[in-house]
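Residue-level structure breakdown
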Amino acid sequence: ISNIEMGQLFEHLIRQFNENAAADNGDYFTPREVIRLMVELLLAYDHEALVGSGVIRTIYDPTIGTGGIASIGEEEMRALNKKIRVNIFGQEMIKESYAICKSDMLITGHDPENIAFGNTLTDDAFPNQKFHYMLSNPPYGVDWKKSKDKVVEEHETLGMDGRFGAGLPRISDGQLLFVQHMVSKMRPDEQGSRIGIVMNGSPLFSGGAGSGESEIRRWLLEQDLIEAIIALPTDIFYNTGIQTYIWLLSNKKIPERRGKVQLIDASG
């Protein structure tokens, strides 16, 4: 059967049998419509740059799961340019998901060595690499107790030279750690990088002034990295009714967007 049919079958199985298990660990299967929206927004300004021969782009997902988000990213780029070469990189800590993703990379002709096993927060598999595009749906409201010692050590010893210099969120939710990790992977060159990340409301609203969350948000705004935040409808993730948001970050904003953040309420 086709890739699309396989994807639909997979979604059906997840929806039927994963409702209780996923909610416990904050892992939610990202609906394809949400991924496509995120990818379209991510590529919105780059259509011209992606066309032509000899174009190579990288996609990175620090919580790659079975690889669905990165695959749709590549699919959308290929729709713009059949000749484009897309190199996919990612890291996953759940063994079964890692195995599926690595297998998928083999089948689709990618380098399976670009998919790493392990905890992104404590053991970054790509410490010196930067990427054109980054996409992620990190676990919602999951504590980072197991990663605490290494994350705190990196924060205190490396500061802004490390990944977590801007601040540490409360131990009960690691989403803003993944945001900082992805920002550290942005290319400093002319092409720059763009990030699309789906999160719940916690990174937006938790933590008062002076808290770790607030300091991270302040840093992101002062660096002028946040391009837009889109509030999605509730009940679009299969096993939760929580409100979710797409964050778009860029270090190559077009001139008319510099110093601004666009907030879109698409919850209706």
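That block above? That's the structure.
These lines cover the structure that appears in this document, whether it is placed above or below.

Basis of the calculations
- Residues numbered from 1 in each chain as written.
- Predicted model: local features only at pLDDT ≥ 70, side-chain atom pairs only at ≥ 80, totals over all residues.
- Heavy atoms only, no water.
- Salt bridge = Lys/Arg side-chain N within 4 Å of Asp/Glu carboxyl O.
- Helix = DSSP H or I, 4+ residues; strand = E, 2+ residues; numbered from the N terminus.
- Buried < 20%, exposed > 50% of the residue type's maximum accessible area, 1.4 Å probe, protein only.
- Contact = heavy atoms within 4.5 Å.
- Axes fitted to C-alpha atoms, helices over the stretch in contact; angles between N-to-C directions.
- Parallel < 35°, antiparallel > 145°, perpendicular 65-115°, else oblique.
- Left-handed = near helix turned anticlockwise from the far one by under 90°.
- Nonpolar A, V, L, I, M, F, W, Y, C, P; charged D, E, K, R; others polar.
- Polar contact = N/O pair within 3.5 Å; in protein donor to acceptor, adjacent residues only side chain to side chain.
- Pairing = 2+ DSSP bridges.
- Phe/Tyr/Trp six-rings, centres within 6.5 Å; stacked < 30°, edge-to-face > 60°.

**Topic: the pattern of salt bridges**
Within this structure, the stated rule accounts for 12 salt bridges. The shortest N-O distance in the salt bridge between Arg187 and Asp189 comes to 2.5 Å. Notably, a salt bridge pairs Arg218 with Glu215, separated by 2.7 Å at the nearest N-O pair. Here the residue Arg218 and the residue Glu215 both occupy positions in helix α10 (residues 212-222), the gap between them amounting to 3 residues, near one helical turn. A relative accessible area of 44% places Arg218 in the partly exposed class. Judged by relative accessible area, Glu215 falls into the partly exposed class, the value being 24%. Shared partners join several salt bridges into a network, and the residues in it are Arg36, Glu75 and Glu76.

**Quick look at the side chain of Glu227**
Looking at where Glu227 falls in the secondary structure, it is placed in strand β6 (residues 226-231). Look at Glu227 and you get buried, because its relative accessible area is 4%. Excluding residues within four positions of it along the chain, Glu227 makes contact with Tyr45, Arg194, Leu248, Leu249, Ser250, Lys253, Arg257, Lys260, Val261 and Gln262.

**Things to note about the packing of helix α8 (residues 175-183) against α10**
Closest axis-to-axis distance for the α8/α10 pair is 11 Å, and the angle between their directions is 30 degrees. If you check the angle between α8 and α10, you find them roughly parallel. Seen from above, α8 lies across α10 with left-handed handedness. On α10, the residues that touch Leu176, Val179, Gln180 and Val183 of α8 are Glu213, Ile216, Trp219 and Leu220. Of the residues contributing to the contact of α8 with α10, the split by class is 6 nonpolar, 1 polar and 1 charged.

**Here we look at the environment of Gln91**
With respect to the helices and strands, Gln91 occurs in strand β2 (residues 85-92). For the pair formed by Gln91 and Val151, sequence separation is 60 residues and the distance between their alpha carbons is 17 Å. Ignoring sequence-local partners within four residues, the contact set of Gln91 consists of Asp61, Pro62, Thr63, Ile64, Ala116, Phe117, Gly118, Asn119, Thr120, Asp123, Asp124 and Ala125. A polar contact of 2.8 Å, which involves the side chain of Gln91, links it to the backbone oxygen of Asp123.

**Details of the sheet that holds strand β5 (residues 194-200)**
Read across the sheet, 8 strands follow the order β3-β2-β1-β4-β5-β7-β6-β8 without closing on themselves; strand pairing throughout is mixed. The open sheet has two edge strands, β3 (115-117) and β8 (262-265), and neither has a second partner. Here the average twist between neighbouring strands, direction ignored, is 15 degrees. Sitting on the sheet, α8 touches β1 (56-61), β4 (133-136), β5 and β7 (244-250), and the angle it makes with β5 is about 175 degrees.

**Description of the packing of aromatic side chains**
One pass over the full model with this rule turns up 7 aromatic pairs. Plain terms: the ring middles of Tyr60 and Phe126 are 5.9 Å apart, the flat faces sit at 80 degrees to each other, and that makes the pair edge-to-face. Placement of Tyr60 in strand β1 and of Phe126 in the loop between β3 and β4 is noted, with a sequence separation of 66 residues between them. Residue Tyr60 shares its accessibility class with Phe126, and that shared class is buried. Ring centres of Phe89 and Phe131 lie 5.2 Å apart, and the angle between their planes is 50 degrees; this geometry places the pair in the tilted category. Placement of Phe89 in strand β2 and of Phe131 in the loop between β3 and β4 is noted, with a sequence separation of 42 residues between them. Owing to a relative accessible area of 1%, Phe131 belongs among the buried residues under this scheme. Taken together, the aromatic side chains of Tyr60, Phe89, Phe126 and Phe131 make up a single cluster linked through ring pairs.

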